[in-house]
Amino acid sequence: MANHDIRLAVRKGTVHALVGENGAGKSTLMKILYGMQKPDEGTITVDGEQVAFGSPADAIARGIGMVHQHFMLADQLTVLENIVLGSEKLHGIGGAARRAILDLSDRYGLGVRPDAYIEDLGVADRQRVEILKVLYRGATTLILDEPTAVLVPQEVDALFDNLRELKSEGLSVIFISHKLGEVLSVADDITVIRRGTTVGTAVPAETTPRQLAELMVGSELPTPETAESTVTDRPMVQVENLKLLAEGDSGRALLDDISFTIHEGEVLGIAGVEGNGQTELIDALIGLKHADSGAIRMAGEDITAHPTRKRREDGIGYIPEDRHRHGLLLESPLWENRILGHVTERPNAGGKVGFWLDLKSAQADTRRIVEEYDVRTPGIDVTAASLSGGNQQKLIVGREMSHKPRFLIAAHPTRGVDVGAQAQIWDQIREARREGLAVLLISADLDELIGLSDTLRVIYRGQFVADADPATITPEELGSAMTGAASGHLEHVESGDGSEEDDIR
Amino acid sequence: MKKFDRERVLLAVAGPVIALVVAVALTSVVLLASGKSPIEPYSLMLEQATFSDIQVLILNQAGMYYLAALAVAIGFRMNLFNIGVDGQYRLAAMVTAVVGTHLALPSFLQIPMLMLVAMLTGAFWAGIAGILKTTRGVSEVVATIMLNAIATSVIAYLTLTENFGVPVGNNQTTGVMEKSGWFPGIEVAGGEIYGFVVIAVLAGVLYWLILNRTRFGFDLRATGASESAAAASGVNAKRMVLSAMLISGAVSGLAGLPILLGDTHTYSLSFPAGLGFTAIGIALLGRNNPVGIAFAALLWAFLDKASPALDYAQPEAYDKEIAVIMQGLIVIAVVVSYEEVRRWGLRRQQRRVGEELAAAARANGNNGNNDSVKEVAAR
């Protein structure tokens, strides 16, 4: 994660993309530019003037603002309140602030409603609030950290329109992304970072995604295609009419009448915009939340009432969507993280009954995982926090696969993982699937979803609204179902075919 | 790998050392401000520590602090703040004293029985807070503070003369315990060391074993480190909260026994109070580590027992409250320095891991980029 010899020049009025594998040093570089971390050597120049940032406040004063990947908004406050929070001195908190916000919103075509509550807004709207928040503070250079990760294709297009608006007004945008196609469509300049240093720049008009990827990893881009089907007719996981209600008085259904079957050797992919019930579905399957009605069966056995530990011992593997919250003990050494989630199983402990941990075997097995899954670390005694996101993920995948799961819940298994490791994780899932593993795959990466899945379902507001055949469907078609625009069985249609409406119902 | 081990030790020691240095420096500032010598009180107190009778006092006091601090630390390890150690150990000592007065078994049964009574009483009192938290969501901080106050009233009621109380002069006691329940001490030059100090040491060993070598301990630590990750890994949070509170309470129950079984043999108005609050500072200073807590307990006991002599020092007397000021400053300094050292350590390790990997990558890169070849081949 150390950066060295970084060279980056952002021209005024352009969108400058920064691409690189995770752990390549993009985040560190951004932290330095935004004043969150100090460089050991080298200089930063803004408008011809050399600057040194001690804190984000210094960066903001110089017109550099950051839109974080994880939004930093207070749900219970309105858009206006969120925007003025911490910058009350600029235009107060009343009419002047409202005028300033509306003015900015109009000028850049953001369409922000100052009095809406954040909790009522969708992801794309929240992102626009974040952007406006930065503009309100007088930013002329915006850093966007993986802004498209949470958006469906249609929303991505809208975001790109906003970005073009920003640059036409003379603002500069630094755009961090993994998605090379997007980068090529929106960026004016591209800088590639690999292993902590800038390895090249590219002109979008003369570059293909594949060339860019090669520059990024120094090797070819893998594709997530499953070769042959391994789906059997032996059901592994059967979920029937699963229903989960929101806690409290509202009683809103977070999951409503969810039913599906995953057979041995089958990957069921779930597409959906984040926040439509995916998290709740995972929680219900792993046992963190108990269903209000419905049944979950694994290999014929009713596990609806089983606690989490029993489910994991019985062979549910879990790659969580938020690895920091659910997959790791960040300040514990790697070998303790290898025990996490499997504390009662070999090699961490003697067997199902028993009291003691077997630290020696756990440590030895951690070394094996580090070796086999190519976790880049100097040793197993370092804390999980000191690994890059991709290496943390490899450790988690290694841990879960080491227990030979019968059913794997994989939420965003390659999020934030570099291209090389991505191929490896896909391989592991495919291999386990060949041996009869049932997989529930949830991913925001539609290419991954389409490439790996045998069956696709679309989740929208807690319900399965559509299904599709991954062999023929395109990301765009899937995207429209994710926003609730289409339902039923999605059939791929060639444009101009004329019979589009027939199958979409 | 060894390097990171050494680094962990360094980080573990850096926090308390910095805190102590800062606390001593600030105490000297206080002394200077009041126009006194900023150094002499320390040398006077250190001199006290060379006397064997003071050493015995320190050791005996430290034994009690140690048990109470272990009880606090068990809670801390899973983010539970058991402020109720104070009520738990006092109630447990009182009940044990009463049982020990009215029941006489042979010594080899009496002492374990009394220990069991103390642990059950402590666990019961802490368990109330545990059950309130798991069933009603009541913060254990609030519940245990309330329970401290209730414990005081319960003790006052039970030690009334019409209940179990026995007035002795101005004091209200619970009567003298049966001799079979007296814990044998260790005679040394400076006096008698409570035999229960050995139990305290054993408790420390057990604490370490359970936390670091058992599944239960792992679950407990995991819950403390990240509740969400622990839940996802299959820890039943409610059961864990209740278990931790019960164990913490049981250990609290033992905290009053060194003096009860080793010296006073009765629970009276002059029975030491406030141990449970002091123990919070000691557990903090000791980083919830059994060895760290031992040092912290000894340091605290030293400040307690070596400071009274300051009042009578010749030619110039000092206020013995200097030790209290110092204890307060240590607690504040500890909280600040631990957090700083922790962050610094994390950053430092992240950077070093990054550097080592970058170095390894460069070495690899000269070899015709081995990794990328491997990545392609893996397809």
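Conventions we followed
Residues numbered from 1 in each chain as written. Chains lettered and ligands numbered in written order. Predicted model: local features only at pLDDT ≥ 70, side-chain atom pairs only at ≥ 80, totals over all residues. Heavy atoms only, no water. Patch = residues over 30% accessible without salt bridge, like charges linked within 9 Å, V, L, I, M, F, W, Y side chains within 5 Å. Areas by Shrake-Rupley, 256 points an atom, 1.4 Å probe, with all protein chains shown as cover. Salt bridge = Lys/Arg side-chain N within 4 Å of Asp/Glu carboxyl O. Helix = DSSP H or I, 4+ residues; strand = E, 2+ residues; numbered from the N terminus. Core = buried A, V, L, I, M, F, W, Y, C linked by side-chain atoms within 4.5 Å. Buried < 20%, exposed > 50% of the residue type's maximum accessible area, 1.4 Å probe, protein only. Contact = heavy atoms within 4.5 Å. Pairing = 2+ DSSP bridges. Axes fitted to C-alpha atoms, helices over the stretch in contact; angles between N-to-C directions.

1. Some thoughts on a nonpolar patch on the surface
- Together, F355(A), W356(A), L206(B) and I210(B) make up a nonpolar patch on the protein surface, roughly 390 Å² of accessible area in all.
- For L206(B), the location among the structural elements is in helix α7 (residues 196–213).

2. What to know about the nonpolar core
- L163(A), F175(A), I190(A) and L478(A) are the most contacted members of the largest nonpolar core, which totals 206 residues.
- Residues contacting L478(A), with those up to four places away along its chain left out, are A271(A), L446(A), I450(A), L456(A), V458(A), A468(A), I473(A) and L490(A).
- Counting residues in hydrophobic clusters, the runner-up holds 30 residues, among them L242(A), L281(A), A284(A) and A232(B).

3. Structural notes on the sheet that holds strand β9 (residues 235–245) of chain A
Residue and element names in this part refer to chain A.
- Taken together, the four strands give an open sheet; going across it, the order is β10-β9-β12-β13, and neighbouring strands pair in antiparallel fashion. Looking at which strands have only one partner, the edges of the open sheet turn out to be β10 (253–263) and β13 (301–302).
- In this sheet, β13 lies alongside strand β12 (residues 293–298) in antiparallel orientation, the contact comprising two bridges. Residue pairing for β13: R297 is matched across the bridge by D302.

4. What about the pairing of strand β1 (residues 15–20) of chain A?
Residue and element names in this part refer to chain A.
- Summarising burial for β1: six of the six residues are buried, a large majority.
- Here β1 shows a buried face lined by V15, A17 and V19 and a second buried face lined by H16, L18 and G20.
- Examined bridge by bridge, β1 and strand β6 (residues 172–176) share four bridges and lie parallel to one another. Of the residues in β6, the one forming a bridge with V15 is V173.

5. Considering the sheet that holds strand β11 (residues 267–271) of chain A
Residues and elements named next belong to chain A.
- Taking strand neighbours across the sheet as the criterion, the seven strands line up as β14-β15-β16-β11-β17-β18-β19 in an open arrangement whose pairing is mixed. Since the sheet does not close on itself, it has two edges, and those belong to β14 (316–319) and β19 (488–490), each with one partner. Strand after strand, the sheet turns through a mean of 20° between neighbouring axes, direction not considered.
- Across the face of the sheet, helix α10 (residues 278–286) comes into contact with β11, β14, β15 (407–411), β16 (438–442), β17 (455–460) and β18 (463–468) while running at roughly 155° to β15.
- Those strands touched by helix α15 (residues 389–402) are β14 and β15, and its axis lies near 175° from that of β14.

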